[in-house]
Amino acid sequence: MSKREKQAIGQQILAAFRAAGAQEVAPDLLLPAETLLDLYGEDIRARAYVTQDPIRGEMMLRPDFTVPVVQMHMQNGAEPARYCYLGEVFRKQDHGETRPEHPRDNEYLQAGFELFARDPDADAEVFALFHSVLKPLGLQASMGDMDLLMDAVRALPLSGARRAALLHHIWRPRRFAKALARFAAPSEPRAWADSTAPWTGLRSPEEMQARLDRLRADAAEAPLPALWVARLERLFAIDAPAPEALRELRGLAADIPDIAPAVDRLERNLGLLAARGIDVAAIRFDASHGRHTMEYYDGMTFSFTAPGRADWPPVATGGRYDALAAVLGQAQGRSIPAVGGIIRPGLVHELGGPVLGKSA
């Protein structure tokens, strides 16, 4: 497949995004590494291509478009605002546990759409747009909601420190499961004898004492009741056609009342999609869907996958990222909800594109 063919598909997708009211933008290829490291931590370094510039310092080839688009919007964007873009992103292969990668993922073309708006219909607008653009390809649409999962974790009868640890690992299912199992098990008795030996190491005595205090507090905490572990596992396991999943979530909300607002939002979004002519029974709702997407998504997530191509990454992915937009807008004193997504023109071409969809 030539770059020209992928670019042609990408331009068709851009045309559909522009028809939906988006302004085309072209973020820089090289991004300051400091910003990305502050947002994602050192984990991003293992997945991004890093270079050193004598003037600008450490730089990264863009691993995605969302961060530079948000930064650009916070500088001078109006409200509401819709943006679209087309260009290459660059990611190293990941041999860790966070998510499976694909041979095409080192460098591939992305066509994307981002919506900055306070409109409660924004989730439905973006999902419906991608559904319309991709409809000719017969893809499987799936949805999730990270806010639903995080609300459930916040509802656990645990200390703030333990809840924070679970929230930190929520995008890393194996680490999350290990932490949950540890918090549900009785603490092993330990002897915390005070020592007169001198402090050694790079940390200050105050830092080491604070660490010891945290360990003592954690060891003294009661284990998480098995009932709550079962409720959480039941939530994470929900994977069904959206209307059926909604019924399951309604039942679970009786045991975890904190998830009720997220369940209400899901019901409203499904109603909005149905009003746009989308068969919501054909959409799968996977409660753990967002745990395998970008870590900045904190609300609705979605993907469109090719049936029979289990070795492929999704043809399209997206979701809501309000917290990321708030963090990147702090310097300008701005905060606005945001939702968006990307399509891989190369995979669209392999599926027999072009796409000729129009906005819903």
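Keep in mind it's a predicted model, so treat the numbers as computed, not measured. (Residues numbered from 1 in each chain as written. Predicted model: local features only at pLDDT ≥ 70, side-chain atom pairs only at ≥ 80, totals over all residues. Heavy atoms only, no water.)

(A) Expanded view of the overall build of the chain. Secondary structure assignment for the chain yields 13 helices and 12 strands. Per-residue burial for the chain yields a buried fraction of 48% across its 360 residues. For the chain, the accessible surface area stands at approximately 17300 Å², while carbon and sulfur atoms represent 53% of it. (Helix = DSSP H or I, 4+ residues; strand = E, 2+ residues; numbered from the N terminus. Buried < 20%, exposed > 50% of the residue type's maximum accessible area, 1.4 Å probe, protein only. Areas by Shrake-Rupley, 256 points an atom, 1.4 Å probe, with all protein chains shown as cover.)

(B) Structural view of the pairing of strand β3 (residues 50-53). Bridge count between β3 and strand β4 (residues 57-61): 4 bridges; the pairing is antiparallel. Directly across from Gln 52, in β4, lies its bridge partner Glu 58. (Pairing = 2+ DSSP bridges.)

(C) Examining the pattern of salt bridges more closely. Scanning the entire structure with this criterion turns up 14 salt bridges. In this structure, the salt-bridge partner of Arg 334 is Glu 79, at a minimum N-O distance of 3.7 Å. Separated by 255 residues along the polypeptide, Arg 334 in the loop between α12 (322-328) and β12 (338-343) and Glu 79 in the loop between α3 (66-76) and β5 (81-90) bring together distant segments of the chain. With a closest N to O distance of 2.6 Å, Arg 265 and Asp 147 form a salt bridge. Here the residue Arg 265 occupies a position in helix α11 (residues 260-275), and Asp 147 occupies one in helix α5 (residues 146-154), the gap between them amounting to 118 residues. (Salt bridge = Lys/Arg side-chain N within 4 Å of Asp/Glu carboxyl O.)

(D) Quick peek at helix α10 (residues 242-253). Between its first and last C-alpha, α10 extends 16 Å over 12 residues, near the 16 Å set by a 1.5 Å rise per residue. Every buried residue of α10 is accounted for by Ala 242, Ala 245, Leu 246, Leu 249, Leu 252 and Ala 253. The arc that holds every buried residue of α10, seen down its axis, measures 120°, which confines them to one face. Its buried side turned inward, α10 meets α5, α9 (226-236), β8 (239-241), α11 and β9 (284-286). (Expected span 1.5 Å × (residues − 1). Arc of directions from axis to C-beta. Contact = heavy atoms within 4.5 Å.)

(E) Quick peek at the confidence of the model for the chain. Here the chain shows a mean pLDDT of 85. Residues at 70 or above account for 84%. Across residues 95-104 the pLDDT falls below 50, and counting only partners more than four positions away or on other chains, this stretch makes 21 contacts in the model. (pLDDT = per-residue confidence, 0-100.)

(F) Seen up close, the sheet that holds strand β2 (residues 30-32). Pairing is antiparallel in the open sheet, where 3 strands are placed in the order β2-β4-β3. Of all the strands in the sheet, just β2 and β3 have a single pairing partner and so form its edges. Between one strand axis and the next, the sheet turns through 40° on average, direction left out of account. (Axes fitted to C-alpha atoms, helices over the stretch in contact; angles between N-to-C directions.)

(G) Representation of the side chain of Arg 62. Within the secondary structure layout, Arg 62 lies in the loop between β4 and α3. Notably, Arg 62 is buried but unbridged: the nearest opposite-charge side chain belongs to Asp 28, and the N-O separation is 7.0 Å. Looking at Arg 62, its side chain comes within polar contact range of the main-chain oxygen of Asp 28, at 3.3 Å. (Lys, Arg positive; Asp, Glu negative; His and termini not counted. Polar contact = N/O pair within 3.5 Å; in protein donor to acceptor, adjacent residues only side chain to side chain.)

(H) The arrangement of the nonpolar core in detail. Counting 80 residues, the largest nonpolar core has Phe 17 and Leu 235 as the members making the most contacts within it. Among the elements that line this core, the one with the most residues is helix α4 (residues 122-134), at 9 residues. Within the second largest apolar cluster, 28 residues are counted, among which are Tyr 85, Ala 325, Leu 328 and Ile 336. (Core = buried A, V, L, I, M, F, W, Y, C linked by side-chain atoms within 4.5 Å.)

(I) Representation of the sheet that holds strand β6 (residues 107-116) in the model. Overall, mixed pairing links the 9 strands, which are arranged β1-β5-β6-β12-β11-β10-β7-β9-β8 in an open sheet. For this open sheet the edge positions go to β1 (23-24) and β8, each flanked by a neighbour on one side alone. Contacting β1, β5, β6 and β12, helix α1 (residues 3-19) runs over the sheet at an angle of about 165° to β5.

(J) Layout of α5. The element α5 is largely enclosed, with a buried count of 8 among its 9 residues. Among all positions of α5, only Met 146, Asp 147, Leu 148, Leu 149, Met 150, Asp 151, Ala 152 and Val 153 are buried. N-cap assignment for α5: the residue whose side-chain oxygen lies 2.9 Å from the backbone N of Asp 147 is Asp 145.

(K) Looking closely at the packing of α5 against helix α6 (residues 160-168). Relative to each other, α5 and α6 sit at 155°, their axes nearing to 9 Å. With respect to their mutual orientation, α5 and α6 come out roughly antiparallel. α5 and α6 meet at a crossing whose hand is right-handed. The segment α5 lies against α6, with Met 150, Val 153 and Arg 154 engaging Arg 163, Leu 166 and Leu 167. Tallied by class, residues from the contact of α5 with α6 come to 4 nonpolar, no polar and 2 charged. (Parallel < 35°, antiparallel > 145°, perpendicular 65-115°, else oblique. Left-handed = near helix turned anticlockwise from the far one by under 90°. Nonpolar A, V, L, I, M, F, W, Y, C, P; charged D, E, K, R; others polar.)

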